[in-house]
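Breakdown of the fold
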Amino acid sequence: MLRASNSAEMKYIFVSGGVISGLGKGIATSSIALLLKSAGYKVAPIKMDPYLNVDAGTMNPIEHGEVFVLDDGTETDQDLGHYERFLNQSLNKTNIATQGSIYLSVIQRERNLEYDGECVDVVTYITEEIIARIKQAGKSKDADIVLIEIGGTTGEYQNILFLEANRLMKLKNPEDVFHIHITYLPVPASIGEMKSKPAQMSVRDLNAAGIQPDMLLARAQRPLDQSRIKKLSIATGLEPEDIISAPDVDSIYKVPLGFADQNLTDRLLQKMRLTRKERDLPAGRQGLKQWREFVEKINSSKESVKIAIVGKYFSTGDFTLADSYISVIEAIKHAAWTQGLKPQIKWIDSEKIENNIRILEDFQGILVPGGFGSRGIEGKIAAIKYAREANIPYFGLCYGMQLAVVEYARNVLGMEIAHTTEIDPDTKFPVIHIMPDQQKKLLTREYGATMRLGAWDCKLKLNTKVRALYGKEDISERHRHRYEFNNEYLEKFAKNGLNIAGTTPDGKLVEIIEIKDHPFFVGTQFHPELKSRPLSPHPLFLGFIKIASEKKP
Ligand code: GLN
């Protein structure tokens, strides 16, 4: 029997995945972290990514999904977005470590002769660096429990050093290091029965790396039956109570509740020799009770609100448009559900709009998200014009704001060939342009981590709609772009109905615009979607969705 006593040592829970990729490891890790947090523990998640990119900023979103930006400007992938959304907690660069960044640190040290001429072997030095990063993630949040999500799939070569670091940590501190393995049980169509063999084999792969899991999360179309649990229990040596069903659900936000209902929280705490500090976080500290209420709203929301996201259509690679704009979709959902509305989001290919604007007639709100490059932008501009003229609520995020400025310049201010210099560097009316320091970085091909990134302060002007929505003057929002509003045109816009509603505190950079005589026409140079969370939806999304819902389709 395990004795329950609150040990002061930091605990480490590794999370790995087996059988297939795409199991939702990020959601599972976020859910477990949320459950431990709701029991009163300070948690710190860290994602260990096997790829060699130093960060996600240089990766094509079509292949890798959205680049998620943290307050400190770290460019990461969508798992960090899930962590922040589930934990309602802002993270920083210590919560992500790519294999590239780990090798880079070690190689830089070697170049600086910091290893005193020793032979720098992978095992010892790389694994040491991995362990140091994991500990750093815990320290930076003063955490009780660190959750380490290992990217990739067990059995493949790429993440083997992360597993080795796990093994070494466990050898040294067997009482403080744990492992949860997420596996998959397919139901082959020809058999119609759930098969457990691949899951057994993935645990065996893990065993071959020197790791015995403490718990199994069994992803499958439906919950496991007793017979499957028994088979897995015999094959893995785990107690049946440590085999948790993780069936497909219609909303990711239901996952923590499914785990909680199977007693995952207490089981895990017991293994770590910890007891609950709280039955649940008290009101105001947003624990599981509030989470349940939010999920209840997902279930009970009936009246729909129809939103068009106008973007260029991505259909190649493993990822789709939905992965590339996951934070935008989630932000719309948070704002809709919170207000008892059922979000109906449709992707509109901006290239199709170029000839057929009527596709947009059905929608109560139009959103143009961030983006880069020229493909499909005339369609986006046409959509913005339509929203402005037909009084349809419009929300432009980053590129969506820049193109709204271009549209206004062209169609209201009479500068017909106005453009952003990203597309037309020689335009006569560069209403959106690049700052000299950014220009230099492009010329010298310094692409990695050189955009205007991360949280910037912004002051909102009095008597603007956005200030009323935020309910305050000072805000801080996250950025990821190179181009900016060109202040030479500032007065011309302001005099003609396009308000500069907020700037950086020094007044130099335009952060947010709105059109006066319109139910909702807002463009942000920043990415508000990155800070929307289920239990604290973003005020601008709340406003956009509310006003959209008042417009009848
Ligand atoms: N392409 C634009 C820029 O670099 C907008 C970027 C974005 O939408 N994130 O400024």
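Refer to the structure printed above.
Worth saying up front: this structure is predicted, and the values here are computed from it rather than measured.

A word on the overall build of the protein chain
For the protein chain, the count of helices and strands is 20 helices and 21 strands. A compact globule built from 553 residues would reach a C-alpha radius of gyration of about 24 Å, and the protein chain, at 25 Å, matches this within 12%. Here the C-alpha coordinates of the protein chain stretch approximately 75 × 60 × 50 Å along the principal axes. By residue count, 56% of the 553 residues in the protein chain fall in the buried class. Within the protein chain, contacts between residues separated by at least 24 positions form 74% of all contacts whose residues are at least 6 apart in sequence. Within the protein chain, one finds 71 positive and 71 negative side-chain charges whose respective centroids are separated by 4 Å.

A word on the packing of helix H7 (residues 197–208) against helix H8 (residues 226–236)
One can describe the packing of H7 onto H8 by two numbers: an axis separation of 10 Å at closest approach and a directional angle of 25 degrees. Classified by the angle between their axes, H7 and H8 sit roughly parallel to one another. In the packing of H7 onto H8, the handedness of the crossing is right-handed. Residues Ala199, Gln200 and Val203 of H7 form the contact with H8, whose participating residues are Lys231, Leu232, Ala235 and Thr236. When its residues are assigned to classes, the contact of H7 with H8 shows 4 nonpolar, 2 polar and 1 charged.

As for the packing of helix H1 (residues 25–38) against helix H3 (residues 78–87)
Across the interface, H1 lies against H3 with an axial gap of 9 Å and an inter-helix angle of 25 degrees. The orientation of H1 with respect to H3, classified from their angle, is roughly parallel. Crossing hand, H1 versus H3: right-handed. Along the contact surface, H1 presents Gly26, Ile27, Thr29, Ser30, Ser31, Ala33, Leu34 and Lys37, while H3 presents Asp79, His82, Tyr83, Phe86 and Leu87. Of the residues in the contact of H1 with H3, the class split is 6 nonpolar, 5 polar and 2 charged.

Here we look at the pattern of salt bridges
Close approach of charged atoms lets side chains of opposite charge pair. Using the criterion set out here, one finds 37 salt bridges in the structure. Notably, a salt bridge pairs arginine 167 with glutamate 164, separated by 3.0 Å at the nearest N-O pair. Note that arginine 167 and glutamate 164 are positioned in helix H6 (residues 160–172) at a spacing of 3 residues, about one turn of the helix. The class for glutamate 164 is buried, based on a relative accessible area of 18%.

Concerning the site of the ligand
Looking at the ligand, the residues that line it are Gly370, Gly371, Phe372, Cys398, Tyr399, Gln402, Glu422, Arg480, His481, Arg482, Tyr483 and His527. One nitrogen or oxygen atom from the main chain of tyrosine 399 is found 3.1 Å from an oxygen atom belonging to the ligand. Contact between the ligand and tyrosine 483: an oxygen atom at 2.8 Å from a main-chain N or O atom of the residue. Contact with the protein chains covers 98% of the free accessible surface of the ligand, which is 290 Å². Of all the secondary structure elements, the ones that give two or more residues to the shell around the ligand are helix H16 (399–411) and strand E17 (474–481).

Re the sheet that holds strand E2 (residues 43–49)
Within the open sheet, the 7 strands sit side by side as E5-E2-E6-E1-E7-E8-E9. Their pairing is parallel. Looking at the sheet topology across the chains shown, the edges are occupied by strand E5 (96–98) and strand E9 (243–247). Between one strand and the next, the sheet's axes are offset by a mean angle of 20 degrees, whatever the strand orientation. Across 6 bridges, strand E1 (residues 11–17) lies against strand E7 (residues 177–184) in parallel orientation. Bridge pairing links serine 16 to histidine 181 in E7. Strand contacts of H1: E1, E2, strand E6 (145–150), E7 and strand E8 (215–220), with the helix running at about 175 degrees to E6, the strand carrying the most contacts. Each of E1, E2, E6 and E7 is contacted by H6, which is oriented at about 140 degrees to E7, the strand it contacts most.

What to know about the sheet that holds E17
Read from one edge of the open sheet, 9 strands run E11-E10-E12-E13-E21-E20-E19-E16-E17, paired in mixed fashion. Each having just a single partner strand, strand E11 (341–349) and E17 make up the two edges of the open sheet. Neighbour-to-neighbour, the strand axes of this sheet turn through a mean angle of 25 degrees, independent of strand direction. Contacting strand E10 (303–311), strand E12 (365–368), strand E13 (394–397), strand E20 (510–515) and strand E21 (521–524), helix H15 (residues 377–389) runs over the sheet at an angle of about 145 degrees to E12.

Quick look at the packing of aromatic side chains
We describe a pair of aromatic rings using the distance from one ring centre to the other and the angle between the two ring planes. For the structure on display, the rule yields 16 aromatic pairs. On the numbers, 5.4 Å between centres and 50 degrees between planes, the contact of phenylalanine 395 with phenylalanine 544 is tilted. Here phenylalanine 395 is found in strand E13, whereas its partner phenylalanine 544 is found in helix H20 (residues 539–550), with 149 residues between them in sequence. A residue is classified by how much of its surface remains accessible, and phenylalanine 395, at 0% relative accessible area, is buried. The interplanar angle of 35 degrees and the centroid separation of 6.3 Å between the aromatic rings of tyrosine 408 and phenylalanine 493 together place this pair among those described as tilted. Here the residue tyrosine 408 occupies a position in helix H16, and phenylalanine 493 occupies one in helix H19 (residues 490–495), the gap between them amounting to 85 residues. The burial state of tyrosine 408 is the same as that of phenylalanine 493; both residues are buried. Ring pairing ties together the aromatic residues Phe86, Tyr253, Trp291, Phe294 and Trp337, which thus form one cluster. Lying across the ring of phenylalanine 178, lysine 170 places its NZ or CZ 5.3 Å from the centre. Directly above the aromatic system of phenylalanine 363 lies the positively charged group of lysine 306, at a separation of 5.9 Å from the ring centroid.

What counts and how
- Residues numbered from 1 in each chain as written.
- Predicted model: local features only at pLDDT ≥ 70, side-chain atom pairs only at ≥ 80, totals over all residues.
- Heavy atoms only, no water.
- Helix = DSSP H or I, 4+ residues; strand = E, 2+ residues; numbered from the N terminus.
- Rg over C-alpha atoms; globule rule 2.2 N^0.38 Å.
- Buried < 20%, exposed > 50% of the residue type's maximum accessible area, 1.4 Å probe, protein only.
- Contact = heavy atoms within 4.5 Å.
- Lys, Arg positive; Asp, Glu negative; His and termini not counted.
- Charge placed at Lys NZ, Arg CZ, Asp CG, Glu CD.
- Axes fitted to C-alpha atoms, helices over the stretch in contact; angles between N-to-C directions.
- Parallel < 35°, antiparallel > 145°, perpendicular 65-115°, else oblique.
- Left-handed = near helix turned anticlockwise from the far one by under 90°.
- Nonpolar A, V, L, I, M, F, W, Y, C, P; charged D, E, K, R; others polar.
- Salt bridge = Lys/Arg side-chain N within 4 Å of Asp/Glu carboxyl O.
- Near = heavy atom within 4 Å.
- Polar contact = N/O pair within 3.5 Å; in protein donor to acceptor, adjacent residues only side chain to side chain.
- Areas by Shrake-Rupley, 256 points an atom, 1.4 Å probe, with all protein chains shown as cover.
- Pairing = 2+ DSSP bridges.
- Phe/Tyr/Trp six-rings, centres within 6.5 Å; stacked < 30°, edge-to-face > 60°.
- Lys NZ or Arg CZ within 6 Å of the ring centre and 35° of its normal.

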